[in-house]
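# Structural overview
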Amino acid sequence: MPAASFDFQLEQGSDFQIVFNYLDSDSNPVNLTNMHVLLRFKDNNGIDYSFDNITETSDYALTTTSNGLITLLIPARITDGYTFASAQYELDIQAVSYTHLRAHETKANLVCRR
């Protein structure tokens, strides 16, 4: 199944939340229990950022559900430090069997409030 394409904006200094609904080729939600989900992006300054549903941190939350929902929350104290204008991101899902699925691949833009 080809990767979906979705552009979004992050507002610098604000809480950021995005929810992806991961569906199979028949448009049914995919059970993400025991899946490793990784969202990575590289900004226009060449800086890499990585978020996953395994690492315990207060810098972000990436959660999954059994009905295909992937939620990324980045708090305002973190987005306030972002200085990029744009970034390319990939959302990858890896099953316990190590099957690699690319769910999304596209770009994000930062909206500067200052």
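Keep in mind that this is a model prediction, so the values were computed, not measured. (Residues numbered from 1 in each chain as written. Predicted model: local features only at pLDDT ≥ 70, side-chain atom pairs only at ≥ 80, totals over all residues. Heavy atoms only, no water.)

With that out of the way, let us pick up the pattern of salt bridges. Once their charged atoms are close, side chains differing in charge can pair, the charge on each being opposite to the other. Counted by the stated rule, this structure contains 4 salt bridges. Residue arginine 40 pairs with glutamate 90 through a salt bridge whose shortest N-O separation is 2.8 Å. Of this pair, arginine 40 sits in strand 3 (residues 36-43) while glutamate 90 sits in strand 7 (residues 86-94), and the two are 50 residues apart along the sequence. With its nearest N and O atoms 3.4 Å apart, the salt bridge here joins aspartate 59 to arginine 77. Note that aspartate 59 is positioned in the loop between strand 4 (48-52) and strand 5 (61-64) and arginine 77 in helix 1 (residues 76-79), a separation of 18 residues in sequence. (Salt bridge = Lys/Arg side-chain N within 4 Å of Asp/Glu carboxyl O. Helix = DSSP H or I, 4+ residues; strand = E, 2+ residues; numbered from the N terminus.)

Here we come to the side chain of aspartate 52. Within the secondary structure layout, aspartate 52 lies in strand 4. One buried charged side chain, aspartate 52, makes no salt bridge at all; its nearest oppositely charged neighbour is arginine 40, positioned 9.1 Å away. Within polar-contact distance, the side chain of aspartate 52 engages the backbone nitrogen of threonine 55 at 2.6 Å. Residues in contact with aspartate 52, not counting those within four places in the same chain, are His36, Val37, Leu38, Tyr60 and Leu62. (Buried < 20%, exposed > 50% of the residue type's maximum accessible area, 1.4 Å probe, protein only. Lys, Arg positive; Asp, Glu negative; His and termini not counted. Polar contact = N/O pair within 3.5 Å; in protein donor to acceptor, adjacent residues only side chain to side chain. Contact = heavy atoms within 4.5 Å.)

On to the sheet that holds strand 5, then. Strand order in this open sheet of 3 strands is 2-6-5, and the pairing throughout is antiparallel. Either end of the sheet is taken by a strand with one partner, and the two such strands are strand 2 (16-21) and strand 5. Here the average twist between neighbouring strands, direction ignored, is 10 degrees. (Pairing = 2+ DSSP bridges. Axes fitted to C-alpha atoms, helices over the stretch in contact; angles between N-to-C directions.)

Geometric descriptors of this kind do not, in isolation, establish any biological role.
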